[in-house]
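Residue-level structural notes
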Amino acid sequence: MKTIFLSHVLSAETPGFGGKLAFEVDVIKSMTRGDSCNESRWHMSNHVGTHVDVPFHFAEAGDTVERFEAADWIFERPFLAEVQVALGSLVEDGEWTNAIPKDCDLLLLRTGSESTRGDQVYWSANPGLAPSLGQWLRLNRPDLRAIGFDFISATSFLH
């Protein structure tokens, strides 16, 4: 079985949606200053780096993260789709969606956008998910519980 690492280490270089400062570290204690341990305080949005957007992020009545059980994040039938999409455009439903197994519970999209992660275009011209794709998935793949992708947000900064 092939393993794909899906996360990034948070750092001062972590890109933020819209070019916002994404992650800051304040050193509270440091052994080099004579403290008994190293300790830091992290400042970041809940919408930075590798993360999960729960329904509440886009719907006031949606579930918040604490309403999910740990087992809700275990997927047994993931599917990785290689999808070609230009920077700044939306991932639409089409022929490629027919390859998604009917019982898929996690859809991972690899678009190649990841290769621009260190550049401004990663957040300023990122691809996004077209509403029609969401509608198609809800109608045709009812077992799907989550979608992962290699771009910064489900919404394109340009749309």
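Refer to the structure above for everything that follows.
Presented here is a report on the structure given in the accompanying data block. (Residues numbered from 1 in each chain as written. Predicted model: local features only at pLDDT ≥ 70, side-chain atom pairs only at ≥ 80, totals over all residues. Heavy atoms only, no water.)

Glancing now at the environment of Asn 46. Of note, Asn 46 is situated in the loop between β2 (39-44) and β3 (78-82). When the C-alpha positions of Asn 46 and Arg 33 are compared, they lie 31 Å apart, and in sequence the two are 13 residues distant. (Helix = DSSP H or I, 4+ residues; strand = E, 2+ residues; numbered from the N terminus.)

For strand β5 (residues 106-110), a buried count of four out of five residues is recorded, marking the element as mostly surrounded by other parts of the structure. Pairing analysis gives five bridges linking β3 to β5, with the strands arranged parallel. Bridged to Pro 78 within β5 is Leu 106. Two strands pair when backbone bridges link them, and β5 and strand β7 (residues 146-149) are joined in this way by four bridges, in the parallel orientation. Note that in β7 the partner of Leu 107 across the bridge is Ile 147. (Buried < 20%, exposed > 50% of the residue type's maximum accessible area, 1.4 Å probe, protein only. Pairing = 2+ DSSP bridges.)

For the rest of this paragraph, the subject is the packing of aromatic side chains. Scanning the entire structure with this criterion turns up five aromatic pairs. Taking the centre distance of 5.2 Å and the plane angle of 40 degrees together, the rings of Phe 68 and Trp 73 count as tilted. Under the relative-accessibility criterion, Phe 68 is labelled partly exposed at 25%. The exposure class of Trp 73 is partly exposed, given its relative accessible area of 35%. When the ring of Phe 149 is compared with that of Phe 151, the centres are 4.4 Å apart and the planes differ by 15 degrees; the resulting orientation is stacked. The class of Phe 149 is partly exposed, set by a relative accessible area of 27%. (Phe/Tyr/Trp six-rings, centres within 6.5 Å; stacked < 30°, edge-to-face > 60°.)

What follows deals with a nonpolar patch on the surface. On the surface, Val 25, Val 27, Trp 42 and Met 44 cluster together to form a nonpolar patch covering roughly 420 Å² of accessible area. For the nonpolar patch, the secondary structure elements donating two or more residues are β1 (23-29) and β2. Positionally, Trp 42 belongs in strand β2. (Patch = residues over 30% accessible without salt bridge, like charges linked within 9 Å, V, L, I, M, F, W, Y side chains within 5 Å. Areas by Shrake-Rupley, 256 points an atom, 1.4 Å probe, with all protein chains shown as cover. Salt bridge = Lys/Arg side-chain N within 4 Å of Asp/Glu carboxyl O.)

All right, on to the nonpolar core then. Residues Val 91, Trp 96, Ile 100, Leu 107, Leu 109 and Leu 137 are the most contacted members of the largest nonpolar core, which totals 14 residues. Sorting the residues of this core by element identifies β5 and α2 (131-140) as the ones contributing at least two each. With three residues, the top contributor of residues to this core is α2. Once residues within four sequence positions are removed from consideration, Leu 109 is found in contact with Ala 81, Val 83, Val 91, Trp 96, Leu 129, Ile 147, Gly 148, Phe 149 and Asp 150. (Core = buried A, V, L, I, M, F, W, Y, C linked by side-chain atoms within 4.5 Å. Contact = heavy atoms within 4.5 Å.)

Another aspect to go through is the sheet that holds β5. Pairing in this open sheet of three strands is parallel, and the strands run β3-β5-β7 from one edge to the other. Lying at the two open borders of the sheet, with one neighbouring strand each, are β3 and β7. If you compare each strand with its neighbour and ignore which way they point, the axes differ by 20 degrees on average. (Axes fitted to C-alpha atoms, helices over the stretch in contact; angles between N-to-C directions.)

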